[in-house]
Amino acid sequence: MNAASSSTWMWYASRATGVVALLLLTAVALLGLMVSRQARLADLPRFAVTGLHRNLSLLAVAFLLLHVLTAVADGYVTIALDSAVIPFTSRYERLWLGIGAVGLDLFLAVIITSLLRGHLGRRAWYAVHLLSYASWPIAFAHSVGSSGDMQSGWMLLLAVACAAALAAGITWRVRAAARDLPRAQRVHALMAELHARKPRAGAQ
Amino acid sequence: MTIPNEATFPVASPGSSVRPPASGVPRLLPRTPDGKPGRVPQDLAAHQGTHGSLPYRGGAGRLIGELQAAGLTGRGGAAFPAHRKLQAVFDAARVTGRQPVVVANGAESEPASDKDATLLWLAPHLVLDGLQLAAEAVGAGRAVLYARAASQGRRQGPLDSLNEALARRRDARLDRVPVRVVQAPPRFLAGQETALISHLDGGPAIPAFIPPRPAERGLGNAPTLISNVETLAHMALVARHGPDWFRAIGTRPEPGSMLCTVRRGDGAPRIIEVAIGAPLSVLLARSSSPVLIGGYHGTWVPASLATPLTLDNASLARAGARVGSGIVITLPPDRCGLIETAQVVRYLALESAGQCGPCLNGLPRIAAAMAQIASGRPRRGVRADVERWAGLVTGRGACHHPDGTARLVRSALTVFADEADLHERGRCSASRHAAPFLPVPQATARIEADWR
């Protein structure tokens, strides 16, 4: 053990990066829901929403790696590097770290298949991408379960806010899909709407 | 793979007693005894009397070199070199170990065109010969003939007469691979290659993103050659008479002849076979009206610009046009090009598969704006809107539907700019009671089943 690992900063760094990673994963999940509906965020064009979804997911990877590495390197408790990826092998907090490892594995699978998307069929990529819906709740369970911080105070509020935001996002996604017109009727509907609309003088 | 030297193969089939015909047109369409274009369908006996027996090459790959020497390009509109398409399928079959499929594409989903239906009606056996030769060349085990159901002013539907022709060939034991006739749904995009694959695989006739290309993974994931029916008919002639005969007419980069659908007034179009590179003026009406070249994904060209051109891509490029599938339409003087274009664009927008954003969101807006320009008293700035939207949708779909529509619209706004000025002052130069000239089907897809 070197001097750094015996101090407490790495412990705090691990907790802080974990919280930031949860926030990022929540944002990535919400953006993913928007991308899947081709929705727009404020005035951003759709490709920018997709770009944000992708870039924030890579940022989340960076924070997750820092989160894992600082936790492993920290000397306060002993966590083996392999137990960060192999579920339920850690001697410390076997259940909650195991759940974290599952969430990390699922997330990495989603990221890696997305990076290799050009080489995969769309269906294979999409099937793996659906794992996101499992990986977020698992990551959330790990966050709340393994950390005493998140079980009270403003951190608890943060966790509840994340969960509420994602629940709202999924509700929006499902309801929007239910309102979808069949493919054959989309153009007809838009044409009818455009012809009904009065010409706007001087409009863009 | 090595392409065999075409000189090592006999140009005429061994048992053929028919001497090579004169190299001029018509080549594909039947001739009457005095050499004029015939209008009677050629049955198997008449076909064999004119063209002789079917010159199988006795092995896969062998015809490909001859097609390369002939310089045959696809007549479906894209003018892609035929030999490269066959080679891609041949190679994909070797790499994947899957037996290829050949599809004769006679969907002809462009409403203004009638040349493929006419060819299938008058000379079905030439197309079916080409289909067998193409199947042999790529080593295919089965073939599909994909044709539209409706035919303009003919008593018998083309599908019935094609099945009849295939039955005659079965009796004569001509065909080596079985041919299935499939009806193309009456959708504008039904002939697009990936839409065709989707339909033949039991799905809706809707375009998909490529890759994979049909040549590598098409029908049932097998390497698939999709060739326009006219291209196949030319293949049957190249196999019989050789590349030099084929090149005797046409231009050096674009040899041979092609079928054109010519509309110069109301009523049925004329299907004329011309040598590529022929003066465009032979296909135009004697008027100063603008010409639509290449159909509904084509380009309006003013008469003054069109008259000196020749019918080949090198020449037409000067007017920003392409030969496409050989549609040449002269606008009658009493019709308004903006009204005509607006109703075509409305049809094209309604024929969007509604799956890519630029097409789904862009084409209806362009169509609504064109309707405004056509109907008189358009609001200011609407032409600039159309220009901008046309630029925004181009190159961003799974297929080229938005690109082709944008091309048509932009050329209309350029060629009919004076007319659009007139419309802005509440007037129109066309006679008020003239019926729409360009043919536009009224039935568009309303439910998913309409794409099947």
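Residues numbered from 1 in each chain as written. Chains lettered and ligands numbered in written order. Predicted model: local features only at pLDDT ≥ 70, side-chain atom pairs only at ≥ 80, totals over all residues. Heavy atoms only, no water.

Remarks on the domain arrangement of chain B
Residue and element names in this part refer to chain B.
Piece 1. Structurally, chain B comprises domain 1 (6-247) and domain 2 (337-436).
Piece 2. Once you take the C-alpha centre of each, domain 1 and domain 2 turn out to be 35 Å apart.
Piece 3. Counting residues at the interface gives ten residues for domain 1, matched by ten residues for domain 2.
Piece 4. Between domain 1 and domain 2 lies a buried interface of about 850 Å² when both sides are counted; carbon and sulfur atoms form 65% of it.
Piece 5. Where domain 1 touches domain 2, the interface holds one salt bridge.
Piece 6. Ionic pairing is found between Arg 187 and Glu 351, a salt bridge with its closest N-O pair at 3.1 Å. (Domains from an automatic or database assignment. Contact = heavy atoms within 4.5 Å. Buried area = accessible area lost by both parts, 1.4 Å probe. Salt bridge = Lys/Arg side-chain N within 4 Å of Asp/Glu carboxyl O.)

Details of the interface of chain B and chain A
Piece 1. Contacts between the two partners involve 26 residues from chain B, matched on the other side by 14 residues from chain A.
Piece 2. With both sides pooled, the region where chain B packs onto chain A buries about 1800 Å², and carbon together with sulfur makes up 59% of that total.
Piece 3. Counting every contact that joins chain B to chain A gives one salt bridge.
Piece 4. In this structure, the salt-bridge partner of Arg183(A) is Glu448(B), at a minimum N-O distance of 2.5 Å.
Piece 5. Scanning the region where chain B abuts chain A turns up five residue pairs in polar contact (both at pLDDT 80 or more).
Piece 6. Those elements giving two or more residues to the side of chain B that touches chain A turn out to be helix H11 (337-350), helix H12 (357-375) and helix H13 (382-393) of chain B.
Piece 7. If one sorts the elements of the side of chain B that touches chain A by residue count, H12(B) sits on top with eight residues. (Polar contact = N/O pair within 3.5 Å; in protein donor to acceptor, adjacent residues only side chain to side chain. Helix = DSSP H or I, 4+ residues; strand = E, 2+ residues; numbered from the N terminus.)

Regarding the nonpolar core
All names here are of chain B.
Piece 1. Ranked by size, the top nonpolar core spans 53 residues in total, and within it Leu 86, Val 102, Leu 119, Leu 131, Leu 145 and Met 235 carry the most contacts.
Piece 2. Per-element accounting of this core gives the leading share, ten residues, to helix H8 (residues 229-247).
Piece 3. Setting aside residues up to four positions removed in sequence, Leu 145 forms contacts with Ala 104, Leu 120, Leu 128, Leu 162, Val 179, Arg 180, Val 181, Val 182 and Val 229.
Piece 4. Formed by 51 residues, the second largest nonpolar core is a distinct cluster that contains Cys 336, Ala 353, Ala 369 and Val 382. (Core = buried A, V, L, I, M, F, W, Y, C linked by side-chain atoms within 4.5 Å. Buried < 20%, exposed > 50% of the residue type's maximum accessible area, 1.4 Å probe, protein only.)

Concerning the pairing of strand E1 (residues 101-106) of chain B
Two faces make up the sheet, and in a regular strand the side chains alternate between them.
Residues and elements named next belong to chain B.
Piece 1. Counted residue by residue, E1 has six buried out of six residues, so it is predominantly covered.
Piece 2. Taken together, the six bridges between E1 and strand E2 (residues 142-148) define a ladder with parallel strand orientation. Bridge pairing in E2 places Ala 104 opposite Leu 145.
Piece 3. Relative to strand E4 (residues 224-228), E1 runs parallel, the two being bridged by five bridges. Counted as the bridge partner of Ala 104 is Ser 227 from E4. (Pairing = 2+ DSSP bridges.)

Overview of the confidence of the model for chain A
All names here are of chain A.
Piece 1. Across chain A, pLDDT averages 88, with 93% of residues at or above 70.
Piece 2. Contacts for the low-pLDDT stretch residues 1-5, under 50 throughout, to residues beyond four places or in other chains number six contacts.
Piece 3. pLDDT under 50 marks residues 200-204. Its contacts with residues more than four places away, or in other chains, come to five contacts. (pLDDT = per-residue confidence, 0-100.)

Describing the sheet that holds strand E7 (residues 291-293) of chain B
Residues and elements named next belong to chain B.
Piece 1. Taken together, five strands build an open sheet; the order of strands is E6-E5-E9-E7-E8 and the sheet is mixed. The open sheet has two edge strands with one neighbour each: strand E6 (270-275) and strand E8 (299-301). Taken pair by pair, the neighbouring strands of this sheet meet at an average axis angle of 25 degrees, ignoring direction.
Piece 2. Looking at chain direction, E7 and strand E9 (residues 327-330) are connected through three bridges and run antiparallel. Bridge pairing in E9 places Ile 293 opposite Val 328. (Axes fitted to C-alpha atoms, helices over the stretch in contact; angles between N-to-C directions.)

Looking at the packing of helix H5 (residues 124-138) of chain B against H8(B)
All names here are of chain B.
Piece 1. The interhelical angle for the contact between H5 and H8, taken along N-to-C directions, is 75 degrees, at an axis separation of 7 Å. When the interaxial angle is binned, H5 and H8 end up roughly perpendicular. The residues of H8 that touch H5, namely those facing Leu 126, Val 127, Asp 129, Gly 130, Leu 131, Leu 133 and Ala 134, are Val 229, Leu 232, Ala 233, Met 235, Ala 236, Leu 237, Ala 239 and Arg 240.
Piece 2. Tallied by class, the residues present in the contact of H5 with H8 amount to twelve nonpolar, one polar and two charged. (Parallel < 35°, antiparallel > 145°, perpendicular 65-115°, else oblique. Nonpolar A, V, L, I, M, F, W, Y, C, P; charged D, E, K, R; others polar.)

Topic: the sheet that holds E4(B)
Consider a sheet: its strands pair through backbone hydrogen bonds, and that pairing is either parallel or antiparallel.
Residues and elements named next belong to chain B.
Piece 1. Read across the sheet, four strands follow the order E3-E2-E1-E4 without closing on themselves; strand pairing throughout is parallel. Here the strands that pair on one side only, and so sit at the sheet edges, are strand E3 (179-184) and E4. On average, each strand axis in the sheet is inclined to that of its neighbour by 20 degrees, with strand direction left out of account.
Piece 2. The strands touched by H8 are E1, E2 and E4; relative to E4, the strand with the most contacts, the crossing angle is about 90 degrees.

What about a positive patch on the surface?
Piece 1. A cluster of basic side chains, namely Arg39(B), Arg264(B), Arg270(B) and Arg286(B), defines a positive patch on the protein surface.
Piece 2. For Arg286(B), the location among the structural elements is in the loop between E6 and E7. (Patch = residues over 30% accessible without salt bridge, like charges linked within 9 Å, V, L, I, M, F, W, Y side chains within 5 Å. Areas by Shrake-Rupley, 256 points an atom, 1.4 Å probe, with all protein chains shown as cover. Lys, Arg positive; Asp, Glu negative; His and termini not counted. Charge placed at Lys NZ, Arg CZ, Asp CG, Glu CD.)

Focus: helix H7 (residues 193-200) of chain B
Residue and element names in this part refer to chain B.
Piece 1. Burial runs high along H7: six of the eight residues are buried.
Piece 2. Buried residues belonging to H7 abut E1, E2, E3 and E4.
Piece 3. Just downstream of H7, Gly 202 is the residue with a positive phi angle, here 95 degrees.

A word on the environment of Leu350(B)
Piece 1. Considering the arrangement of structural elements, one finds Leu350(B) in helix H11.
Piece 2. By relative accessible area, which is 7% here, Leu350(B) ends up buried.
Piece 3. Between the C-alpha atoms of Leu350(B) and Glu66(B), which are 284 residues apart in sequence, the distance is 42 Å.
Piece 4. Those residues in contact with Leu350(B) that lie beyond four places of it in its chain are Val187(A), His188(A), Met191(A) and Thr444(B).

Observations regarding the pattern of salt bridges
Residues and elements named next belong to chain B.
Piece 1. Scanning the model with the defined rule gives 22 salt bridges over all chains in all.
Piece 2. Its salt-bridge partner being Asp 116, residue Lys 115 comes within 2.9 Å of it at the nearest N-O pair. Accessibility assignment for this pair places Lys 115 and Asp 116 in one class, buried.
Piece 3. Within this structure, Arg 75, Lys 115, Asp 116 and Glu 230 form a network of salt bridges that share partners.

With respect to the pairing of E2(B)
Residues and elements named next belong to chain B.
Piece 1. Within E2, six of the seven residues are buried, which leaves it mostly tucked inside the rest of the structure.
Piece 2. Strand direction decides the pairing type here: E2 and E3, joined by six bridges, are parallel. Note on E3: the bridge partner recorded for Ala 143 is Val 179.

Topic: the side chain of Thr113(A)
Residues and elements named next belong to chain A.
Piece 1. Among the structural elements, Thr 113 can be located in helix H4 (residues 94-115).
Piece 2. According to the relative accessible area criterion, Thr 113 is buried, its value standing at 15%.
Piece 3. A distance of 2.8 Å separates a polar side-chain atom of Thr 113 from the backbone oxygen of Ala 109.
Piece 4. In this view, Thr 113 contacts Leu 120, Trp 125 and Val 128; residues no more than four positions away in its chain are not counted.

Side note on the side chain of His297(B)
All names here are of chain B.
Piece 1. Structurally, His 297 can be placed in the loop between E7 and E8.
Piece 2. Here the side chain of His 297 touches His 401 through a polar contact of 3.1 Å, side chain to side chain.
Piece 3. Contact partners of His 297, with chain neighbours within four places excluded, come to Glu 110, Phe 188, Leu 348, His 400, His 401, Gly 404, Thr 405 and Arg 407.

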